[in-house]
Structure formats: structure tokens, C-alpha cells
Number of protein chains: 2
Amino acid sequence: MAITGKNLIAGQWTGETQEGFVAFNAVLNQPMTDKFADASEQEVETAITQAHQAFITYSQLTANERANFLDTIGEQIIALGDELIATASAETGLPVARITGERGRTVGQLGLFANLLRSGEYQGIIEHANPTREPLPKPDTRLGYLPVGVVAVFGASNFPLAFSTAGGDTASALAAGCPVVMKAHTAHPATAELVAQAILKAIELCDLDNGVFSLIQGENYAISSQIVTHPLVKAVGFTGSERVGMILQQQINQRAEPIPFYGELGSVNPQFVMANKLAADASEIAQGLVASLMMGQGQFCTSPGIWVVVDDENYATFEQSAIEAIQTQPAGVMLTPGIRECYQSTVSHWQNLTGVKMLAVGQQGDAHLCTAALFSTDIANFIENPALQEEVFGSCALIVKCTDFAQMQQFVTLLRGNLTASIHAVDADIEQARAIAQPLAHKVGRLIYNQMPTGVEVCASMNHGGPFPASTNVRSTSVGSEAIKRFQRPICYQNMPKALLPSLLQD
Amino acid sequence: MAITGKNLIAGQWTGETQEGFVAFNAVLNQPMTDKFADASEQEVETAITQAHQAFITYSQLTANERANFLDTIGEQIIALGDELIATASAETGLPVARITGERGRTVGQLGLFANLLRSGEYQGIIEHANPTREPLPKPDTRLGYLPVGVVAVFGASNFPLAFSTAGGDTASALAAGCPVVMKAHTAHPATAELVAQAILKAIELCDLDNGVFSLIQGENYAISSQIVTHPLVKAVGFTGSERVGMILQQQINQRAEPIPFYGELGSVNPQFVMANKLAADASEIAQGLVASLMMGQGQFCTSPGIWVVVDDENYATFEQSAIEAIQTQPAGVMLTPGIRECYQSTVSHWQNLTGVKMLAVGQQGDAHLCTAALFSTDIANFIENPALQEEVFGSCALIVKCTDFAQMQQFVTLLRGNLTASIHAVDADIEQARAIAQPLAHKVGRLIYNQMPTGVEVCASMNHGGPFPASTNVRSTSVGSEAIKRFQRPICYQNMPKALLPSLLQD
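Residues numbered from 1 in each chain as written. Chains lettered and ligands numbered in written order. Predicted model: local features only at pLDDT ≥ 70, side-chain atom pairs only at ≥ 80, totals over all residues. Heavy atoms only, no water.

### Re unusual backbone geometry
Residue and element names in this part refer to chain A.
Thinking step 1. Residue Glu134 is joined to Pro135 through a cis peptide bond whose omega torsion reads 0°.
Thinking step 2. Position of Pro135 relative to the elements: it lies in the loop between β5 (125-127) and β6 (141-147).
Thinking step 3. Phi angles above zero are rare outside glycine, and Asn269 is one such case at about 50°.
Thinking step 4. Here Asn269 shows up in the loop between β11 (261-264) and β12 (271-273). (Helix = DSSP H or I, 4+ residues; strand = E, 2+ residues; numbered from the N terminus.)

### Remarks on the pairing of strand β10 (residues 233-239) of chain B
Residue and element names in this part refer to chain B.
Thinking step 1. Among the seven residues of β10, six are classified as buried, and the element is accordingly described as predominantly covered.
Thinking step 2. Relative to β10, strand β7 (residues 150-154) is paired through five bridges, and the arrangement is parallel. Within the sheet, the bridge partner assigned to Val153 lies in β10 and is Gly237.
Thinking step 3. Relative to strand β11 (residues 261-264), β10 is paired through four bridges, and the arrangement is parallel. Following the sheet pairing, Val236 is matched in β11 by Phe261.
Thinking step 4. Crossover connection from β10 via helix α8 (residues 242-253) to parallel β11: handedness right-handed. (Buried < 20%, exposed > 50% of the residue type's maximum accessible area, 1.4 Å probe, protein only. Pairing = 2+ DSSP bridges. Right-handed = clockwise from strand over helix to strand, strands pointing away.)

### Some thoughts on the interface of chain A and chain B
Thinking step 1. At the junction of the two partners, chain A supplies 66 residues and chain B supplies 65 residues.
Thinking step 2. Roughly 5500 Å² is buried in total at the junction of chain A and chain B, and carbon and sulfur atoms are behind 56% of that figure.
Thinking step 3. When the buried surface of chain A facing chain B is broken down by residue, A:Ser461, A:Arg475 and A:Gln494 rank first, second and third, together holding 14% of it.
Thinking step 4. For the pair chain A and chain B, the number of links is 36 residue pairs in polar contact (both at pLDDT 80 or more).
Thinking step 5. Looking at the side of chain A that touches chain B, the elements with two or more residues in it are α1 (41-58), β5, β6, α8 (242-253), α14 (430-441), β18 (444-449) and β19 (488-494) of chain A.
Thinking step 6. It is β19(A) that provides the largest number of residues to the side of chain A that touches chain B, a total of seven residues.
Thinking step 7. Each residue belonging to the side of chain A that touches chain B can be placed in one class, and the counts come to 35 nonpolar, 17 polar and 14 charged. (Contact = heavy atoms within 4.5 Å. Buried area = accessible area lost by both parts, 1.4 Å probe. Polar contact = N/O pair within 3.5 Å; in protein donor to acceptor, adjacent residues only side chain to side chain. Nonpolar A, V, L, I, M, F, W, Y, C, P; charged D, E, K, R; others polar.)

### Considerations on the packing of helix α3 (residues 82-92) of chain A against helix α4 (residues 96-119) of chain A
In helix packing, the relevant descriptors are the interaxial angle and the interaxial distance, both defined with respect to the helix axes.
Residue and element names in this part refer to chain A.
Thinking step 1. Where α3 meets α4, the axes come as close as 9 Å, and the angle between the chain directions of the two elements is 120°. Classed by the angle they form, the pair α3 and α4 counts as oblique. Note on packing geometry: the crossing formed by α3 with α4 is right-handed. Within the contact between the two elements, α3 uses Leu84, Ile85, Ala88, Ser89 and Thr92 and α4 uses Val96, Ile99, Thr100 and Arg103. (Axes fitted to C-alpha atoms, helices over the stretch in contact; angles between N-to-C directions. Parallel < 35°, antiparallel > 145°, perpendicular 65-115°, else oblique. Left-handed = near helix turned anticlockwise from the far one by under 90°.)

### Topic: the packing of aromatic side chains
Two aromatic rings, taken as a pair, are described by how far apart their centres are and by the angle between their planes.
Residues and elements named next belong to chain B.
Thinking step 1. Scanning all chains against the criterion turns up 24 aromatic pairs over all chains.
Thinking step 2. Summarising the aromatic geometry, the rings of Phe159 and Phe163 are spaced 5.2 Å apart at their centres and angled 65° between planes, so their arrangement reads as edge-to-face.
Thinking step 3. Aromatic pair Tyr315 and Phe318: ring centres 6.1 Å apart, planes at 45°, arrangement tilted. Taken as a pair, Tyr315 and Phe318 lie in helix α10 (residues 315-327) at a separation of three residues, close to a single helical turn. (Phe/Tyr/Trp six-rings, centres within 6.5 Å; stacked < 30°, edge-to-face > 60°.)

### A short note on the side chain of B:Asp169
All names here are of chain B.
Thinking step 1. Within the secondary structure, Asp169 sits in helix α5 (residues 168-176).
Thinking step 2. The exposure class of Asp169 is buried, given its relative accessible area of 7%.
Thinking step 3. Each residue touching Asp169, except ones within four places of it in the same chain, is listed here: Val153, Gly237, Phe238, Ser478, Arg486 and Phe487.

### With respect to helix α2 (residues 63-79) of chain B
All names here are of chain B.
Thinking step 1. Taking 1.5 Å of rise per residue, the 17 residues of α2 would be expected to cover 24 Å, and the 24 Å separating its terminal C-alpha atoms lies within 8% of that figure.
Thinking step 2. Three or more residues of α2 are buried, namely Ala63, Arg66, Ala67, Phe69, Leu70, Thr72, Ile73, Gly74, Gln76 and Ile77.
Thinking step 3. On the buried face of α2, the contacting elements are α1 (41-58), α3 (82-92), α4 (96-119), α5 and α6 (189-205).
Thinking step 4. Positive backbone phi, approximately 65°, marks Gly81, located one or two places after α2. (Expected span 1.5 Å × (residues − 1).)

### Some details on the relation of the copies chain A and chain B
Thinking step 1. Turning chain A through 180° and shifting it by 0.0 Å along the axis lays it on chain B, with an RMSD of 0.0 Å. Such a turn and shift between the copies fits a two-fold axis. Proximity to the rotation axis, assessed at the C-alpha, singles out A:Asn253 in chain A; its C-alpha lies 3.0 Å from the axis. (Least-squares fit on C-alpha atoms with pLDDT ≥ 70 in both.)

### Comments concerning the pairing of strand β4 (residues 30-36) of chain B
All names here are of chain B.
Thinking step 1. Here strand β3 (residues 21-25) runs beside β4; their pairing, made up of four bridges, is antiparallel. Each residue of the ladder has a partner; that of Asn25, found in β4, is Gln30.
Thinking step 2. As consecutive antiparallel partners, β3 and β4 are separated by four residues, and within that stretch Asn29 has a phi angle of approximately 55°, a positive value.

### Observations concerning the nonpolar core
Residue and element names in this part refer to chain A.
Thinking step 1. In terms of nonpolar packing, the biggest core is built from 103 residues, with Phe69, Phe272, Ile423, Leu440 and Leu447 touching the most fellow members.
Thinking step 2. Take this core: its biggest share by element is nine residues, from helix α6 (residues 189-205).
Thinking step 3. Setting aside its immediate chain neighbours within four residues, Leu440 contacts Phe272, Val412, Leu415, Ala421, Ile423 and Leu447. (Core = buried A, V, L, I, M, F, W, Y, C linked by side-chain atoms within 4.5 Å.)

### Some thoughts on the sheet that holds strand β14 (residues 357-361) of chain A
Thinking step 1. Judged by pairing direction, the sheet is mixed, and its 10 strands sit side by side in the order β14(A)-β15(A)-β16(A)-β13(A)-β12(A)-β17(A)-β18(A)-β21(B)-β6(B)-β5(B) without closing on themselves. The sheet terminates laterally at β14 of chain A together with β5 (125-127) of chain B, the two strands that pair on one side only. Each adjacent strand pair in this sheet contributes to an overall mean axis angle of 20°, direction not counted.
Thinking step 2. In terms of strand pairing, strand β15 (residues 373-378) of chain A meets strand β16 (residues 396-402) of chain A through six bridges, oriented parallel. Residue A:Ala373 lies in a different strand from β16(A), and its bridge partner there is A:Cys396.
Thinking step 3. Strand contacts of helix α11 (residues 337-351) of chain A: β14, β15 and β16 of chain A, with the helix running at about 40° to β15(A), the strand carrying the most contacts.
Thinking step 4. Against the sheet, α14(A) touches β12, β17 (418-424) and β18 of chain A together with β6 (141-147) and β21 (488-494) of chain B, its axis set at about 165° to β18(A).

### What to know about the packing of helix α2 (residues 63-79) of chain A against α4(A)
All names here are of chain A.
Thinking step 1. For the pair α2 and α4, interaxial distance at closest approach is 8 Å and the crossing angle is 165°. As summarised for this structure, α2 and α4 are arranged roughly antiparallel, according to the angle between their axes. The handedness of the crossing between α2 and α4 is left-handed. Taken together, the residues of α4 that come into contact with α2 (itself represented by Ala63, Asn64, Arg66, Ala67, Asn68, Leu70, Asp71, Ile73, Gly74, Ile77 and Ile78) are Arg103, Thr106, Val107, Leu110, Gly111, Phe113, Ala114, Leu117 and Arg118.

### Side note on the domain arrangement of chain A
Residues and elements named next belong to chain A.
Thinking step 1. In terms of domain boundaries, chain A breaks down into domain 1 (7-15 + 41-129 + 145-265 + 471-505) and domain 2 (271-449).
Thinking step 2. Placing the centre of domain 1 and that of domain 2 at their C-alpha centroids yields a distance of 34 Å.
Thinking step 3. Facing 12 residues of domain 1, the contacting portion of domain 2 comprises 13 residues.
Thinking step 4. A combined buried area of about 890 Å² lies between domain 1 and domain 2, and 59% of that area is made up of carbon and sulfur atoms.
Thinking step 5. At the boundary of domain 1 and domain 2, one finds one salt bridge.
Thinking step 6. Across the contact surface, domain 1 and domain 2 share two residue pairs in polar contact (both at pLDDT 80 or more). (Domains from an automatic or database assignment. Salt bridge = Lys/Arg side-chain N within 4 Å of Asp/Glu carboxyl O.)

### Let's talk about the sheet that holds strand β19 (residues 418-424) of chain B
Thinking step 1. Spatially, 10 strands are ordered β5(A)-β6(A)-β19(A)-β20(B)-β19(B)-β12(B)-β13(B)-β18(B)-β17(B)-β15(B) in an open sheet, and the strand pairing comes out mixed. Each edge of the open sheet carries a strand with a single partner, namely β5 of chain A together with β15 (357-361) of chain B. Taking the axes of each pair of neighbouring strands and ignoring which way they run, one obtains an average angle of 20° across the sheet.
Thinking step 2. Contacting β12 (271-273), β13 (306-310), β15, β17 (373-378) and β18 (396-402) of chain B, α10(B) crosses the sheet at an angle of about 50° to β15(B).
Thinking step 3. The sheet strands contacting helix α11 (residues 337-351) of chain B are β15, β17 and β18 of chain B, and the helix crosses β17(B) at an angle near 40°.

### Points about the environment of A:Asp71
Residues and elements named next belong to chain A.
Thinking step 1. In this fold, Asp71 is placed in helix α2.
Thinking step 2. When the C-alpha atoms of Asp71 and Pro137 are compared, they prove to be 45 Å apart, with 66 residues separating the residues in sequence.
Thinking step 3. Filtering out sequence-adjacent residues up to four positions away, Asp71 remains in contact with Leu110, Gly111, Ala114 and Arg118.

Laid out in C-alpha cells, this is it:
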């Protein structure tokens, strides 16, 4: 399908692309030809007010009707065919195989929520009246859930499909019964438009109000501010950097009415290699960590950024294996020139830090390609340089060498919040693993044993979130079926006649 | 037991009462003799850091151990005997029977959470590994819940027991595994100290870390600010006015790390009397509304502040019955002189508002007593005076007269968020009731049919919250067993050996 470069505002493609911005081909390292319209203040206003209008009917759909809508979006995404794959790959530099897999995950997520809705889960608690209870009768009370209202979603740079236009946030909001106003990421506007075309097709096929979904394009920061401070927006989903996330948080803090902000921000995903594991598998674990680090050129929110190891007699083997593995890594394309520059500047900065040693770099490539890097430091210098605990978005890892297990335990106390942490251990490590696991659990959203952090299972028992700055809302997950709860809120129906109860709360 | 007037800081009674504040006897309208210490900055700091320290052991207690602690607190509250009842009644002006009932509710709430813990509920979702799944194996993932950390709770003026020192917020936080730093309300410091004595006794009997509970006394606003902005405080529970709640919200917004603020603020709890109900029971419903309004001298967060009625041929009977019922109401004691002055000033203000008619007042009493008041207005003037939608804390109600059902529907669209709303109807009203109920559900936390809003059932299916300003966090309840979720957060355990899993997530 042709790319219009326009915004999708409640069913209408509008906007002036003449003065707009261009997409960037990450693989070719050059601007693309299509131009995209910066949404106007009026377009944003229309998108939000039409979403609010659509809430009246959309919130009243049956669970089955919403499930069919989600499945139809998935079908229409598949129907976009190879054009979607080629476009997303060009805009992000992510390989075709990866994008194809991500499309499967995206459609799978929509299906997960469709199945959840069809299962009738999350429909609350029924407690009947007890008119003879003393000292007071108990009324009939039934706890149900309502959608919160219009949800604003911000697309992520690193998952052009699974965390973007029809990604997890959109799927969970639509599943909950909330219209979505989507702000596309400027790194992949054509991909966003194609997916928005698919959603519009699904809206038409399901005969829904066009206000249920709008796509906002734009480079202008004022657009984001307008969206998150709008009184009709009732929740915001965001996946991105701590810096940008906290700008949005501060804007949201200015609102007269507080609303939930689900920001998934930075994480270094510490990897703890226990002593007996190191003795048994020093090379294998080092190679595994490098492989995990290189996924998506390190541009995964679950990328293993810090490796914590005791500097014992097996450490040298571990370090040498990691160095050798890093040195074989080819230079790679990054998502955007801005992300590449940020990565390179951090690596340069670390090279000049006292007490931080560069152990190895990957292979060099063309100027626009990025090279992996491995550093090491000790606890004293880790404490000295708090910036070492900030996420480096890209294939850069830091080994924190501990003199003994007590220092490894001390490291846990120094940690900020993270999405994940892994403990790599063998049976003989179990007591030390337990001693680490207990405090570490309070620092992460997902605690992993003997597996790498990259690769997030999309299921009911997943949690993708964690203490700040991993998330701005530790009580929620942005992956898995529990994510629907972010856009629902409880309501108690007391003494309601059956005719006025939601069908799933009737006896 | 003797009242020390001191703060309970992690097991120690500390503070200088000489320069402190005095409690006020609401019934006698005179200051009491005991003086209470304004907590110092250092005392607040110690309370919070000791709570954080206690989190290490308290968060690791078994569910049974926490349940026993909650039950022991309840037993120790009962063991305070008549002194607690007499003290709370004197400090608040609430009758002995009411306080006795509230004590039962408070102990019942503690027991509800104890039973919840013993039942093993809220222990998550287990999904086993599937090593043969294509294209990738599924790891073993188990969703559990962890306590969030130190919780700060602010006592409410109007429920000296059930929403104060060992009230719902404290009970749910302790149940979740969170230590509590309690800021006592200045309206009932002696009651707070007695209950804190009971909690300390329970801590000793259960052999827990004294940091699990501290009681902060004080009139100084800087204390509250210090508490809610402290980095080690991870959630805040508050029940009070919209004005004070939003001051706390703004202070919390200044934090580097966002935390949840569970503020239960203002609500007018609109009551819709449908046409056929009015025809059938005009007098009875008017009397019922007045009786509900007078509970606790109108100082209930669920007090029915606005009554919405169509001005048809049965309206005069309704209005006349309401007037007569109001006129018989004796003047009453209010919780504090400040609350009384605020109430009287609002009633005076309303008397001078164009388009707002004073229909009736209750009986006059001594200068320190408060008189019920009933007003009426129409939709146009309701729109003209947005302040009419702000909660009046006290026995003052406003009838909004609609010309027809369409205006009643319009009224729903004008509403801000509320804790509750009631629809009073007979069978013949069902279609109009449905037309009101659907949009009204999106404005309230609890939707009630043919019952008064006062009296909140404490059970699993209760929701006490609602859209802002009823609550600052629409996704949570402050009453009922679901309240435990406010102080828990999810964690996913991936591929964990049984020995490192919480017992309830083991197979």
C-alpha cells in the first residue's frame, strides 16, 4: 500500500506532509523519500475527543466483540505481507528474520488478549446478600472491571511492531475496552502507518467507531506534551529511555487529575555468576552472556548490561572467553543515528573513566556501524561512578569484579530497580544463590535462574516491569495478559438487579 | 493506660511534649489536658529508616506469621477496653455506640486480612516449562507478589479507628508485608497512642522487629512533607480532603522516584430518584436520604450530598418530606472546630448563591454545635456554580431539580468522579435506570441500587475508591480484601529451582 505520510485521525488521513519529517533508512544510512506530517494541535485534539466519543460505544462492546476486533487486527497485519517486513527492517536496521518473528509475537499478543476475553477471566467477585446477618444484613456486592477511558500509547524505537502501533500497550488497552491514541516513534513512521492502515481496516470490518484508534505522527515534542496533559486521556503507556520517560512523568504530574503513567524505562539486568558455576562453565557462561548482549545489537530492554563475578581462580578463564567472544562480533546497524551517537559517546566516556578498564571491542565497520564493547570495574569504582548503573542502549557490558561473595551481596544493595536479573549457578551454589535471590527479588520485576534475560515470554505469569527506573509503576506489567489490568479499574455493583449487571456478573 | 503524648519510634516512646499540641474534647468543646509532641525531623527519619530495616525480616515472614500478627493486634485493641472507646468518643464527638461499632469493624478488618493470608489467595500464576514448544521452548514462569516496602499512612479525622492507626490502610499494608509509618490525625492523638500501644504489644508478643510500626504525632505540616518525599517510603495511603490530598500529591510529584499515592479524597455521592420510585415512595425515600445524610453528622465520605430528582407532580411531596425530616434533626457535635467552621462557612456561602435556595435547616443548638441544612437548585445553576460539586463535609445536602429525564441524564455527564452513586427505582423505572446506570458507572467506584451509600461492606467484592477526585488512584480500593494489592507488586520467577521459590509458588 502507498504510504501517505499523514496522521490517522479517527478514520481520516490528514496533515500536511510538505513541511514534515523524513524516515531514515538505518541499513543504507540515508534518509528515505517519504515525508511525514507533524500532527497539528487541532489534529491531536480531534483524535482525543473522537476517542472519548468512541469510548461510549466501544466500552459497551461484549468481550467477544472486542476479541474479534483484536483477532481482525492481527489478520490485517498479516495481510500487509512482505511490505510490512521490508519497511520495518529498512527503518530500524533489524534483520528480516527478527522482524518476521516480531510480527508473529505481535499477532500472538493480540490473540492472547482475545483468548483472555473469550475465557471470561478477570470478571470479578460475586458475594450474595445475607439479609439475616447480625448486626447488619450483608448487601449483594459484585466486583467488576471497567475500562479507564482514552489511553495514550507511545511507540518504542526498538520494537517497531511488538511495542509499537499494534503492540502490547495498544492490544491490552483495546482489550480492556479503551480507545487508543497512538504516538508513533519517529524512527519508524512508515511501519506505523502500515499497521495503522491494518487497524483501520479492522475497525471498518468490525463496524466500530473510527475514534477507537488514531495514529499521531510527529517530531515536535509539544505533541507528546499535549497528549499526556489532555484531560480526556486517562492513562499513558510508554516504553523508552529514562530521560524521555521522566519528561513525560513531569508533564503528567502537572495535570489537575492524576492518571497512571506506565513508563518502562531503563534497566541494566545484572547477571550474577556464582562461584561453582564459574568453576564448571566459565567459557560457556561468558559466551552465553555475549550472545545475549548481542541480540538486537544490544538494543533490548532486557539486555545483560552488568555481569557480577567473584574474581577467583576461574575468573581469568571467564574474562578471556568473554573477550574472545566480543572480539568476533561484527559491527552492526543501530536503530537510529541518534541512538548510535549516544552509544558511542557513552563508550568513549567509559574509556576515560578512572577505575573502568576496557577489556575488548568487537569488529570495526563502516562509520555508521556500531562496535560491541566490554569493560570491567570493581565495587569501589562502581560506587564512585553512579552513571555506570544507567542503561547503555547498545552492545556494551560491564563486568563488576567482586573480591568475594560478601562483595557480591553488597552489590545487590547498591542496585537500582531493574526489569530482570539472572543468577547463574550449579547445585553447589544453592545456598549462596538463595542469599542473593532474596534481596535481589526486591530489585527486579523478573528473577531468572540459569537463563539469559533477553527473550520475554508472553504469557499469563510474565511480569515485565519492576522497581523504578525499570518502571514508573511497579504494580504493573507491560507484557503478558496481566497487562490488561493497567487499563481497567474496579467497580462494585451493590444490590443491582440482574438486568442492570454486566452479563459476566449475573448469576 | 497512661497517655505519654509521645511518638512511638520503632519501639521507643520519644519526643518533647512540653512545646507540643493539645487534643480537643469535641463533646465538651474544650481543650484536653494531655499534650502531644510534634515529631522532630530526626524522629521521622529514624522511624522510616528503622521501618526500612525491619522490611528485611518482616517481608520474609510466612503468610501465617503475618496473619497471627494481625489477629494479635486485634486482640490487643480489644484489650484496651473501655478506655479506648471513651477516649475516641471524647476526641471526635462520635457517640460511644458508633465508636464501639467502629472498633468491631477495625478488628474485623484485621481478621479479614488474616483470613486472606491463611487462605493462600493472591499467590499468583504457575505456568510450567514446555521444552518442546516451537519455535522456542517455553521457560517455567511463575507470577508471585512482593511487598513494595515501607508504607506511610495518614489517619483520617472521621474514623478514629477504622481509617486510622490500625485501620484499613495499616491492616492491608501489614498484611502485604510492608512496615508502616503512621501519621496520626491531630483530631484524635490520644486514641492513636492507645492503638499504637496495642500494636507495640502485638509486635512484642509476635517477637517482630520494632521498626515494623511507628506512630508520628504532630501538627507541623513539614512532618507530612518529610514522610511522603522520603526515598525509602514506597507507597502512601491517605483519607481526607481534596485540598490536603492534593498538597500531598504535589509533594509526591517532586520525588525522584514515582510511588503510588492512594488518596481517598472528596465525593458527593449523588442519589438519583427515578420517576416511578418518586410516585410510589416520595416520603419514604426523602426520609431515608435524610437519615443517611445525618450518619456521623454528615461526616462520612459516602454521605449523600446531592439528590437528583425530576420536578414532576410528585416532587412537592418529596421536598416537603425532606424539609420536615431535616427540621427535626438535632444540632450535633462535629469532629473538630476547624471542620465545623469550614461547614458553617460553606452553608453561609450557599445561602448567598444566586439560584441556590435554602429549603430547610435542622434544629439550632449551642454555638459549637452544627445544624443540618438542605438546599435546592436546578441544572443551569448547578453548571453555573462548579463549587456545588465539591464535597461539603457535614450534614448538608443539595437537591438538583431536573425538568425531565433528559436533564437527569445531562447531570450525569456533568459529574466529577465519586466514591458511590445510588439509583432509587421501582420495576417500572428499569429502562431509565439502565440509561442512567451505564454512564454513571464510569463516574463512580460503587454503583448502588435502592440502598443508601453510607455503610461500606468490608468484603472481597467491595470497592471504595473511584475516579478522581474520589480517589487519586482509580485502580485501587481502600476497603475490603482487594486493598492488599495496593501494597504488593508482581514478580515473575523464571526457571527457578523449587528451593528458591516462595512456598506458595512451589508445585
